[in-house]
Structures are given as C-alpha cells and as structure tokens.
Amino acid sequence: MANLLHRPQATHGKVQEITPESAGWRYVGFDVHKLHAGEVASGETGDQEVMLVMVEGKAQFDAAGQSWGELGDRMNVFEKIPPHCLYIPNGESWKAVATTDCTIAVCKAPGLSGHKARHIGPADISLDERGEGANKRFVNVIAMDEQDFCDSLLVTEVFTPAGNWSSYPSHRHDEDNYPDITFLEETYYHRLNPSNGFGVQRVYTDDASLDETMAVHDGDVVCVPRGYHPCGTPYGIEMYYLNVMAGPLRKWRFIAAPEMEDLLV
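Residues numbered from 1 in each chain as written. Predicted model: local features only at pLDDT ≥ 70, side-chain atom pairs only at ≥ 80, totals over all residues. Heavy atoms only, no water.

(A) Main features of the overall build of the protein chain. Secondary structure assignment for the protein chain yields one helix and 25 strands. A compact globule built from 265 residues should have a C-alpha radius of gyration of about 18 Å, and the protein chain, at 17 Å, falls within 12% of that. A burial count over the protein chain gives 55% of its 265 residues as buried. Sequence-distant contacts in the protein chain: of pairs separated by 6 or more residues, those separated by 24 or more amount to 73%. Accessible surface, the protein chain as shown: approximately 10,900 Å² in total, 48% of it carbon and sulfur. If you average the places of the 21 positive and of the 39 negative side-chain charges in the protein chain, the two averages end up 2 Å apart. (Helix = DSSP H or I, 4+ residues; strand = E, 2+ residues; numbered from the N terminus. Rg over C-alpha atoms; globule rule 2.2 N^0.38 Å. Buried < 20%, exposed > 50% of the residue type's maximum accessible area, 1.4 Å probe, protein only. Contact = heavy atoms within 4.5 Å. Areas by Shrake-Rupley, 256 points an atom, 1.4 Å probe, with all protein chains shown as cover. Lys, Arg positive; Asp, Glu negative; His and termini not counted. Charge placed at Lys NZ, Arg CZ, Asp CG, Glu CD.)

(B) Here's a closer look at the pairing of strand β4 (residues 40-44). Here β4 shows a clear split, with A41 and G43 buried on one side and none of V40, S42 and E44 buried on the other. Taken together, the five bridges between β4 and strand β9 (residues 93-98) define a ladder with antiparallel strand orientation. What sits directly across from S42, in β9, is K95. (Pairing = 2+ DSSP bridges.)

(C) Summary view of the packing of aromatic side chains. Scanning the entire structure with this criterion turns up seven aromatic pairs. A ring pair is formed by W165 and Y168, whose centres lie 5.9 Å apart and whose planes are at 40°; its orientation type is tilted. The class for W165 is partly exposed, based on a relative accessible area of 36%. Measuring from ring centre to ring centre gives 4.7 Å for Y188 and Y241, while their planes differ by 45°; the resulting arrangement is tilted. Highlighted residues: Y188 in strand β19 (residues 185-193) and Y241 in strand β24 (residues 238-246), separated in sequence by 53 residues. Above the plane of the ring of Y204 lies R202, whose end atom (NZ or CZ) is 3.8 Å from the centre. (Phe/Tyr/Trp six-rings, centres within 6.5 Å; stacked < 30°, edge-to-face > 60°. Lys NZ or Arg CZ within 6 Å of the ring centre and 35° of its normal.)

(D) View of the pairing of strand β8 (residues 85-88). Side chains C85 and Y87 of β8 all project onto a buried face; the interleaved residues L86 and I88 project onto the opposite face, where all are buried too. Where strand β5 (residues 48-56) lies against β8, four bridges are found, and the strand directions are antiparallel. What sits directly across from V53, in β8, is C85. The pairing of β8 with strand β11 (residues 118-120) spans three bridges and is classified as antiparallel. Bridged to C85 within β11 is I120.

(E) Summary view of the sheet that holds strand β13 (residues 137-143). Read across the sheet, seven strands follow the order β1-β22-β19-β24-β14-β13-β12 without closing on themselves; strand pairing throughout is antiparallel. This sheet does not close on itself; its edge strands, each paired only once, are β1 (5-6) and β12 (127-130). As paired strands, strand β14 (residues 154-160) and β24 are joined by seven bridges and run antiparallel to one another. When the bridges of β24 are listed, T156 appears paired with N243.

(F) Quick peek at the side chain of E238. Tracing the backbone shows E238 in strand β24. On the basis of relative accessible area, E238 is assigned to the buried category, the value being 15%. Sequence-distant contacts of E238, defined by excluding residues within four places in its chain, comprise F78, K80, T160, A162, R191, L192, N193 and T233.

Spelled out as structure tokens, the structure:
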C-alpha cells in the first residue's frame with residue numbers, strides 16, 4: 001500500500017502532486033499550486049477532467065479556448081465564503097496567472113467528454129451546517145452527485161470547528177454495490193487555523209488490515225483508498241479540508257461503521 005500521508009513537497013510552486021501511480025490506485029489525482037502575483041500555473045487535461053478550486057487568492061484564467069477573467073474572492077480559506085471553481089473537460093488546456101498570492105487546487109479524475117467547461121462560483125454554492133454537538137461542521141458543496149457538473153469528479157469543502165470531529169461517525173465507500181454503497185477513492189487536503197496547529201485522521205478497515213492514525217498539519221494531503229476515515233481537531237484549532245472523490249460510478253453512497261450506525265448525522 002502506498003503511503004497515505006503526503007506532506008507538502010515545497011512551500012511555493014507545485015506543493016502537492018498526487019497521481020494514481022503515487023497513490024497506488026486508479027481514479028483520483030490532486031495537485032496544489034501556491035503562487036505569488038504574476039506567476040503562472042498551467043496544464044493539459046489529456047484523458048482527465050479537471051476542477052480548479054481557488055482555495056484562496058485571485059487569478060486570471062484561460063481554459064478550454066475561453067477567457068474566464070479573474071476568479072477568486074476568498075483571500076484566506078477560513079473566511080469560509082464559497083470558492084470560485086472552474087471545470088475543464090478532458091482534451092483541453094488551462095492556464096492561471098496569479099493576480100494576488102493564491103492557492104489553486106487541481107482536482108483530477110477520468111474524463112468522458114460528457115460535460116462542457118463551466119465556472120462554478122459563489123452563486124452556485126452555499127455553506128450548509130451538518131451534524132450536531134462535537135460533530136457539527138460546515139460544508140461548501142461544489143460538485144457532488146446532485147450537481148451534474150462532471151463526468152467522474154465529486155468535490156466538496158468542509159470546515160470543522162475547533163474541538164470537533166468530521167467525516168464522523170465513521171463511514172466507508174469502498175465497494176461497488178450501488179445503490180447501497182459505491183467505490184470511491186478520496187483525497188483530503190487539510191488546512192489548519194492557526195497554521196502551526198495539528199489535527200488527526202484515522203483510516204481503518206473492519207479487519208484492521210488497514211489501520212493508520214496520522215497527525216495532519218497545514219497543507220497535508222491524506223489519501224483514502226478504502227475503509228473508514230474520520231478526522232478531528234483539538235480545542236483551539238480549526239480544520240478545513242477539500243475532498244476529491246472518484247470511482248467507476250459518480251454516486252456517493254456509503255456505509256457507517258457497525259458500532260456507529262445510530263450516530264450518523
């Protein structure tokens with residue numbers, strides 16, 4: 001099994017690069033670019049579709065033969081306002097020129113030429129409250145299965161208040177048995193406030209053939225190939241994560257851990 005925890009490989013430029021090969025799986029790719037004003041990130045989608053998420057800052061975008069103008073309102077991710085995103089189908093190219101210091105996430109999965117390029121912005125996204133008590137969190141749904149924006153990608157943001165748990169009660173989506181459960185690989189891109197804080201994430205299966213508990217820091221990516229995958233944050237430390245999921249069917253169906261089925265909210 002490939003390593004599940006990926007620390008940033010740099011402090012500037014392409015700071016994260018997760019490929020199916022490096023993750024040891026088939027569907028999900030994920031990059032993060034941290035740019036200064038005037039710097040450029042670009043790519044060819046090839047056989048992948050791409051969702052560019054403006055995690056923070058602003059940039060000028062050209063993609064799929066169009067100019068999309070300057071995108072981005074959120075200068076710090078913990079402002080919690082909905083992000084600007086740009087969906088690009090397979091067989092296209094994209095270019096981002098930073099107009100401020102910015103962080104751009106590049107979410108990738110197999111493209112099937114089923115959707116056109118589109119901007120997904122704050123008007124399309126609302127911050128929804130989920131859970132209760134120490135399981136309360138706040139979700140920006142960018143492109144889940146109820147939004148017909150993508151061929152394969154499922155993308156969402158989650159803000160977990162200090163001292164709370166998220167992706168909890170524990171659940172898994174590692175079997176291809178729709179409508180009860182779907183097989184989805186998943187990445188978690190973590191940010192923390194304050195940035196020198198830490199959180200925890202556990203990835204485990206019923207038979208404990210996979211059972212890893214990791215301290216996560218600002219900018220880390222955790223890969224979830226299978227199993228349950230809750231995360232939590234200590235008192236005084238707020239957690240953000242950007243989720244990317246993909247598999248053979250673009251549906252999010254999961255099963256709770258047996259000991260937690262009555263807790264699922």
